[in-house]
Amino acid sequence: MAVPAADVKTSNAPVALTPQQALDSAVALRPLLVEQAADTEQRSFHSEELHLQFVESGYYHMLRPKMFGGYEFGVADYMRVIRELARGDMGTAWCLCLASGHNLQFASWWPERAQREVYGDGHFAAAMTSAPGGTMRRTADGWAIEGAFPYASGGPYSTHFMGHVFARTEGSAEAGPLSTFIVPRSEFTIRDDWGKTLGLRGSGSHTLDVRDVTVPEHFVLYGKEQVSMNVDEGTPGLELHKNPLYGGRGVGFFGLELATLAVGGVHAALDEYEQILRTKRTPLPPFTLRAANLRYQTWYADIVTALDAADATLDRVADLFLEYATRGAEGGRPFSAAEDLALTRLAAQAQNTAWRALELIMRTAGSSAAVQGTRLERIWRDATMVIGHQASIVQDFVGADYAAAVLQASN
């Protein structure tokens, strides 16, 4: 199915919004996400109806600076809303989260001129990929960018795209430093190539093409990567917005996003599991409702406890992000690379805890609960994609970096 046109419709976010109001609206929207989940997966991204609901609920403004009409929610408040939406449908929440969450990075690291131009256009949502997908070369007008960027989650409803390319010097075959850029929706196209993976087929993670597009100098962070941004000397966003929220690093927040989506999905699996316990009888005597069976009760208690622990860990990671950023903003020790890596490692532990709870759900729910097309089957497929993404793409690489940073610092 074709992706939305470049002139994606947007509506108005509420003038005022509290974290509790946003959370309440997410809970209220969950049934609609559940209802549309199969169609979302078939389409490869959520419906325009849901998109407009998200805009009107203010979700794209949660991390947007107040200077530009946003709410400046804390990271923990933002993640709680995302977790509730993932409890409705993980793919839909993924598409929203990976586009709306980049308000934080853009408002933190881009210069004031870029922020005024981009936010001045109104609604903002940006897909982003961390893997380099092309090159850029300097021109008289700025930088000419060329590349293809697969797995750009959130692309269907994004107004902008942020990616990584290698700078090229005229006459040289060698690649220059890896750099970050941003381009508006008019300057990239979306391939209709998503939806063939095992899970997360509704996450809108299409390939985006940027073909010989020239952007001004202030739309490029030359020699800087979003996953390893150094904030020792502060950030443009901290100076502009006077809020430590915009003085943080990147990889910890990214790992927290993935873990939050995954844990929310396991909460959805628990919802299904509880319904099974309340409606199905035990397969062996004595034949009672599973909810009244001691063994099922014990399994249920283990699952709930594991998810409580995962939720608490995610909340702690979000609080630590702001704690480290605030310490640096107030003249204390800067938010370090080791701390950033520690955050993503801790978030991954929360995800692993939830994953083990999901394994217990799948092992004890019964085969009829996971036949093709059931909600539990979809959740399982989605969760397997997230656990692989978190492990192979993030944790297997940052684990060694984290250990090296901590051990070297202790010398």
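Definitions and limits used
Residues numbered from 1 in each chain as written. Predicted model: local features only at pLDDT ≥ 70, side-chain atom pairs only at ≥ 80, totals over all residues. Heavy atoms only, no water. Helix = DSSP H or I, 4+ residues; strand = E, 2+ residues; numbered from the N terminus. Rg over C-alpha atoms; globule rule 2.2 N^0.38 Å. Buried < 20%, exposed > 50% of the residue type's maximum accessible area, 1.4 Å probe, protein only. Contact = heavy atoms within 4.5 Å. Areas by Shrake-Rupley, 256 points an atom, 1.4 Å probe, with all protein chains shown as cover. Lys, Arg positive; Asp, Glu negative; His and termini not counted. Charge placed at Lys NZ, Arg CZ, Asp CG, Glu CD. Pairing = 2+ DSSP bridges. Phe/Tyr/Trp six-rings, centres within 6.5 Å; stacked < 30°, edge-to-face > 60°. Axes fitted to C-alpha atoms, helices over the stretch in contact; angles between N-to-C directions. Parallel < 35°, antiparallel > 145°, perpendicular 65-115°, else oblique. Left-handed = near helix turned anticlockwise from the far one by under 90°. Nonpolar A, V, L, I, M, F, W, Y, C, P; charged D, E, K, R; others polar. Polar contact = N/O pair within 3.5 Å; in protein donor to acceptor, adjacent residues only side chain to side chain. Salt bridge = Lys/Arg side-chain N within 4 Å of Asp/Glu carboxyl O.

Before going further, it helps to examine the overall build of the protein chain. Helix and strand counts for the protein chain come out as 11 helices and 7 strands. For 411 residues, the compact-globule estimate of 2.2 N^0.38 gives 22 Å, and the C-alpha radius of gyration of the protein chain, at 22 Å, lies within 12% of that figure. Expressed as lengths along the three principal axes of its C-alpha atoms, the size of the protein chain is roughly 80 × 55 × 45 Å. The buried share among the 411 residues of the protein chain stands at 55%. If you take every contact in the protein chain between residues at least 6 apart in sequence, the share linking residues at least 24 apart comes to 75%. Accessible surface, the protein chain: about 17200 Å² in total, of which carbon and sulfur atoms supply 52%. Charge-centre separation for the protein chain: the mean point of 35 positive side chains lies 5 Å from the mean point of 47 negative side chains.

Below, the discussion takes up the pairing of strand 1 (residues 126–139). Examined bridge by bridge, strand 1 and strand 3 (residues 160–168) share 7 bridges and lie parallel to one another. Within the sheet, the bridge partner assigned to Met128 lies in strand 3 and is Met162. Sheet topology note: the strand 1/strand 2 (residues 142–149) ladder contains 6 bridges and is antiparallel. Note that in strand 2 the partner of Arg137 across the bridge is Ala144.

Within the structure shown, the criterion is met by 20 aromatic pairs. Taken together, a centroid distance of 6.5 Å and an interplanar angle of 25 degrees make the contact between Tyr78 and Phe253 stacked. With a gap of 175 residues between them, Tyr78 in helix 3 (residues 75–88) and Phe253 in helix 8 (residues 251–279) connect regions that are remote in the sequence. When the centroid spacing of 5.3 Å and the interplanar angle of 65 degrees are considered together, the rings of Tyr119 and Phe124 count as edge-to-face. Take Tyr119 and Phe124: they sit in the same class, and that class is buried.

Time to look at the packing of helix 1 (residues 19–43) against helix 2 (residues 48–56). At a minimum axis distance of 11 Å, the contact between helix 1 and helix 2 shows a crossing angle of 160 degrees. With respect to each other, helix 1 and helix 2 are oriented roughly antiparallel. The two elements helix 1 and helix 2 cross, and the hand of that crossing is left-handed. Along the contact surface, helix 1 presents Leu29, Leu32, Leu33 and Gln36, while helix 2 presents Glu49, Leu50, Gln53 and Phe54. Of the residues in the contact of helix 1 with helix 2, the class split is 5 nonpolar, 2 polar and 1 charged.

Before going further, it helps to spend a moment on the pairing of strand 4 (residues 175–184). As judged from the 8 bridges shared by strand 3 and strand 4, these two strands associate in the antiparallel manner. Residue Met162 lies in a different strand from strand 4, and its bridge partner there is Ile182. When strand 4 meets strand 7 (residues 220–221), the two strands line up antiparallel, connected through 2 bridges. Directly across from Phe181, in strand 7, lies its bridge partner Val220.

A few words now on unusual backbone geometry. Put simply, Pro285 and Pro286 share a cis peptide bond, and its omega is 0 degrees. Residue position: Pro286 is located in the loop between helix 8 and helix 9 (294–329). In this structure, Asp212 is a non-glycine residue whose phi angle is positive, near 45 degrees. Here Asp212 shows up in strand 6 (residues 208–215).

Below, the discussion takes up the side chain of His102. Looking at where His102 falls in the secondary structure, it is placed in helix 5 (residues 102–109). Beyond its immediate chain neighbours, meaning those up to four positions away, His102 contacts Phe124, Ala126, Ala127, Met128 and Met162.

Looking now at the side chain of Arg249. By the element assignment, Arg249 lies in the loop between helix 7 (236–241) and helix 8. Within the local environment of Arg249, its side chain forms a polar contact with the backbone oxygen of Met229, the two atoms lying 2.9 Å apart. Here Phe335 takes part through its backbone oxygen, which lies 2.8 Å from a polar atom of the side chain of Arg249. Apart from the residues lying within four places of it in its own chain, the contact partners of Arg249 are Trp109, Ser228, Met229, Asn230, Val231, Asp232, Phe321, Phe335, Ser336, Ala337 and Asp340.

Tallying each qualifying case throughout the model produces 22 salt bridges. Asp209 is paired through a salt bridge with Arg191; the nearest N and O atoms lie 2.7 Å apart. Highlighted residues: Asp209 in strand 6 and Arg191 in the loop between strand 5 (189–190) and strand 6, separated in sequence by 18 residues. Take Asp209: its relative accessible area is 9%, and that puts it in the buried class. Residue classification places Arg191 among the partly exposed residues on the basis of a relative accessible area of 35%. A salt bridge links Arg327 to Glu339; the nearest nitrogen and oxygen atoms lie 2.7 Å apart. Placement of Arg327 in helix 9 and of Glu339 in helix 10 (residues 337–365) is noted, with a sequence separation of 12 residues between them. A relative accessible area of 21% places Arg327 in the partly exposed class. Residue Glu339 is classed as buried on the basis of its relative accessible area of 11%. Linked through salt bridges whose partners overlap, the residues forming this network are Asp77, Arg80, Arg83, Asp311 and Asp315.

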